[in-house]
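Chains, contacts and geometry: an overview
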Amino acid sequence: MTELPIPSTIDDTIGALRSITANGERDGYFAAMYLRVTAAVTARAAAGGFVDNARMERFVVAFAARYLDAHSAWRAGQPVTESWLVTLEATRRWRPVILQHLLLGMNAHINLDLAVVAADLAGTPETLLTLRPDFEAINDLLGGLVDGFRTDVEGLSPWLRLADRFGAEVDGALIGWSLETARRGAWDAATKLVALPAAPRAQAIVERDRKVAAVGRSVLHPGAVLTGALGVVRLAERAPPAVVIERLSPHPPTA
């Protein structure tokens, strides 16, 4: 894949995400899911669903740029944040199940990137407070998309669906918990980062990145019992990456 320019508009952002998914490789799983989230946030902004719709469009572009920059750098063999390195290197391995890939992307992007972008966009603690209603609106939107992702993952990973039938609710619980925990943590981290001068803020981001990467490694290696169970689940995931990407991507509305 050639290195992509970092987009400056929502349309460019969507184009860059589609370029990642077009390759039909496992690193396209998160990009496909992200396309659906971006489309939903963009539609809400276009409908005037945020307190400051123009600011939220800038937020969408800046937030996506963190991921796209990391992906481009990783593809080019350049340094990336530790949390994205854990996430993206996992896409080169067969063993992680689809759900793990999605959780790894959410972990890096929400737990680290969302906090950094919110602090950077606000600039001051006072301005950050004015961002909170729209920040929470995006969180609510993310939560509302969980059921759709859950259905898609179950369709692609039949033994996760079987676990649901027996009441385990494995995928729904993992995705819901991950989002809820990450959403709360991102705001707390943003409030701390925005209050720091440049040099201490940069160091704080490095330290948070280290902690987020540790969470990512725990998603990849959740202990012997769960790792063994996930290995069995992986055996039933037969769809090629291109099919997984198509299923996770936004679907056109039906007439």
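Here's what I pulled together on the structure shown here. (Residues numbered from 1 in each chain as written. Predicted model: local features only at pLDDT ≥ 70, side-chain atom pairs only at ≥ 80, totals over all residues. Heavy atoms only, no water.)

The next thing to look at is the packing of helix 2 (residues 28–46) against helix 5 (residues 98–122). Following both chains from N to C, one finds helix 2 and helix 5 inclined at 65°, their axes separated by 9 Å at the closest point. As far as their axial angle goes, helix 5 and helix 2 are roughly perpendicular. Handedness of the helix 2/helix 5 crossing: right-handed. Only Ile 98, His 101, Leu 102, Gly 105, Met 106 and His 109 of helix 5 make contact with helix 2, whose side of the interface consists of Tyr 29, Phe 30, Met 33 and Tyr 34. Grouping the amino acids of the contact of helix 2 with helix 5 by side-chain chemistry returns seven nonpolar, three polar and no charged. (Axes fitted to C-alpha atoms, helices over the stretch in contact; angles between N-to-C directions. Helix = DSSP H or I, 4+ residues; strand = E, 2+ residues; numbered from the N terminus. Parallel < 35°, antiparallel > 145°, perpendicular 65-115°, else oblique. Left-handed = near helix turned anticlockwise from the far one by under 90°. Contact = heavy atoms within 4.5 Å. Nonpolar A, V, L, I, M, F, W, Y, C, P; charged D, E, K, R; others polar.)

Tallying each qualifying case throughout the model produces three cavities of 30 Å³ or more. Quantified by volume, the largest cavity comes out at close to 230 Å³. Lining the largest cavity are 17 residues, with Tyr 34, Val 37, Phe 63, His 109 and Leu 142 sitting closest to its centre. Listing elements by their share of the lining of the largest cavity, those giving two or more residues are helix 2, helix 3 (53–75), helix 5 and helix 6 (125–144). (1 Å grid on protein atoms, 1.4 Å probe; cavity = no way out; pocket = protein on both sides within 12 Å on 5 of 7 lines; lining within 4 Å. Points joined across faces, edges and corners; volume = space filled by probe spheres on them.)

The subject of this paragraph is a nonpolar patch on the surface. Taken together, the side chains of Trp 94, Trp 159, Val 232 and Leu 235 make up a nonpolar region of the molecular surface, amounting to roughly 420 Å² of accessible area. By secondary structure assignment, the location of Leu 235 is in helix 11 (residues 224–235). Looking at Leu 235, the relative accessible area reads 49%, which means it is partly exposed. (Patch = residues over 30% accessible without salt bridge, like charges linked within 9 Å, V, L, I, M, F, W, Y side chains within 5 Å. Areas by Shrake-Rupley, 256 points an atom, 1.4 Å probe, with all protein chains shown as cover. Salt bridge = Lys/Arg side-chain N within 4 Å of Asp/Glu carboxyl O. Buried < 20%, exposed > 50% of the residue type's maximum accessible area, 1.4 Å probe, protein only.)

Secondary-structure assignment places Ser 83 in helix 4 (residues 82–90). In terms of polar contacts, Ser 83 uses its side chain to reach the side chain of Asp 209, at 2.7 Å. Discounting residues that sit within four places of it in the chain, Ser 83 has contacts with Ala 108, Leu 112, Asp 209, Val 212 and Ala 213. (Polar contact = N/O pair within 3.5 Å; in protein donor to acceptor, adjacent residues only side chain to side chain.)

Here we come to the nonpolar core. Ranked by size, the top nonpolar core spans 76 residues in total, and within it Tyr 34, Phe 59, Tyr 67 and Leu 128 carry the most contacts. At 16 residues, helix 5 tops the list of elements feeding residues into this core. Among residues more than four places away in sequence, those in contact with Tyr 67 are Leu 17, Ile 20, Asp 27, Phe 30, Ala 31, Tyr 34, Trp 84, His 109 and Asp 113. (Core = buried A, V, L, I, M, F, W, Y, C linked by side-chain atoms within 4.5 Å.)

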